[in-house]
Amino acid sequence: MRQDERSPFLEALKHAREAAYEDGEYVEQESFMRAGEIRELAAQAGIASGVSVLDVCCGVAGPGRFLTRELGCSYVGVDSSTSAVAVAREGALGLACRFEVAHVPPLPPGSFDVVLLLETMLAFRHKERLVDAVARALHAGGRFAFTLEEGLPLTDSEQARMPDADTVWLTPLDAMHELLAGAGLVVHWHDDWSRSHGAMAETLADAFTADATAIAARIGRRALDELIAAHRLWSEWLETGRVRKLALVAERR
């Protein structure tokens, strides 16, 4: 299932997403992250008033708008989806946000204090070009804050089970450390969010199932079935340790 036209999906899934997250934890994110985790990653990356932030693959920029509103950072979001960026712009009125539509890498010109990449590292099959571009976009001492779907590449049978498996490229942690080091980035903080995200994936799948009739009426039964199947599979893999979900902050030395 590809959400190239974001608005129908956002409207279809909004009720279920709001029901799935605990109070205060839903900020229009399109992922398993909770608002508290977004805050934690931002704090570890030193995002604060006046800090310049580039959010790569921002989507509708729920987390980015949330951080800009709460922390007063200067924010640029980039995404390849025109429809997602349109939603982001509409929701960012009055905030110090601007957005670009572009495929990455390369990244937009300029230097930043922090580069964010939330829940989309797995979509890049060849990660070296991305990591090198991130390093070049950072000031000396700048931070790369991101989440990583950590594990060995999917087997043929696993690819057959996962909808849109051509967007799921797992990376072992040692390989990611090598890529970061090669670009002059050194990890100074990390945390394991596997249990939290496995539970969130299952809760979201339950919420989509409970609201299935209304959701299917907007996006179609096949898209809904694929969405639920993917969430169930992520829950299984995160709970069993097949995949780990890690949060990391690496500094450009």
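Rules used in this analysis
- Residues numbered from 1 in each chain as written.
- Predicted model: local features only at pLDDT ≥ 70, side-chain atom pairs only at ≥ 80, totals over all residues.
- Heavy atoms only, no water.
- Phe/Tyr/Trp six-rings, centres within 6.5 Å; stacked < 30°, edge-to-face > 60°.
- Helix = DSSP H or I, 4+ residues; strand = E, 2+ residues; numbered from the N terminus.
- Buried < 20%, exposed > 50% of the residue type's maximum accessible area, 1.4 Å probe, protein only.
- Pairing = 2+ DSSP bridges.
- Axes fitted to C-alpha atoms, helices over the stretch in contact; angles between N-to-C directions.
- Contact = heavy atoms within 4.5 Å.
- Right-handed = clockwise from strand over helix to strand, strands pointing away.
- Core = buried A, V, L, I, M, F, W, Y, C linked by side-chain atoms within 4.5 Å.

**Student:** Is there a simple way to explain the packing of aromatic side chains in this structure?
**Tutor:** Two aromatic rings are characterised by how far apart their centres lie and by the angle between their planes. Counting across every chain of the model gives four aromatic pairs. Judged by centre distance (5.8 Å) and plane angle (65 degrees), the rings of Tyr 75 and Phe 99 are edge-to-face. Taken together, the positions of Tyr 75 in strand E2 (residues 74-79) and Phe 99 in strand E3 (residues 97-101) put the pair 24 residues apart, joining distant regions of the chain. Considered together, Tyr 75 and Phe 99 belong to a single accessibility category, that of buried residues.

**Student:** Help me understand the sheet that holds E2, please; the structure alone is not making it clear to me.
**Tutor:** Strands belonging to one sheet form pairs held by backbone hydrogen bonds; the direction of such a pair is parallel or antiparallel. The strand order across the open sheet formed by seven strands is E3-E2-E1-E4-E5-E7-E6, and the pairing between neighbours is mixed. Strands with a single pairing partner mark the edges of an open sheet, and in this sheet they are E3 and strand E6 (185-192). Averaged over all neighbouring strand pairs, the angle between strand axes comes to 20 degrees, with direction disregarded. Relative to strand E5 (residues 138-150), helix H5 (residues 127-137) is tilted by about 150 degrees, and along the sheet it contacts strand E4 (112-117), E5, E6 and strand E7 (244-252). Sitting on the sheet, helix H7 (residues 173-182) is in contact with E5, E6 and E7, with an inclination near 165 degrees to E5.

**Student:** Looking at this structure, how should I read the pairing of E2?
**Tutor:** Both faces of the sheet carry side chains from a regular strand, because those side chains alternate between them. Counting buried residues in E2 gives five out of six residues, a clear majority hidden from the surface. Of the pairings in the sheet, the one linking strand E1 (residues 52-56) to E2 comprises five bridges and is parallel in character. Directly across from Asp 55, in E2, lies its bridge partner Gly 77. Read from E1 through helix H3 (residues 62-71) to E2, the crossover connection turns out right-handed. Pairing of E2 with E3, which is carried by five bridges, proceeds in the parallel orientation. Residue pairing in the sheet places Asp 79 in a bridge with Val 101 of E3. Running through helix H4 (residues 82-91), the crossover from E2 to the neighbouring parallel element E3 is right-handed.

**Student:** Quick question: what am I supposed to make of the nonpolar core here?
**Tutor:** Taken as a class, soluble globular proteins show a tendency for nonpolar side chains to be buried jointly. Counting 33 residues, the largest nonpolar core has Met 162, Phe 208, Ile 215, Leu 224 and Trp 234 as the members making the most contacts within it. Where this core is concerned, the elements lending two or more residues are helix H1 (6-20), helix H8 (194-210), helix H9 (212-219) and helix H10 (221-240). Ranked by the residues each element gives to this core, the list is headed by H10, at nine residues. Ignoring sequence-local partners within four residues, the contact set of Ile 215 consists of Ala 12, Leu 13, Ala 16, Phe 208, Gly 220 and Leu 224.

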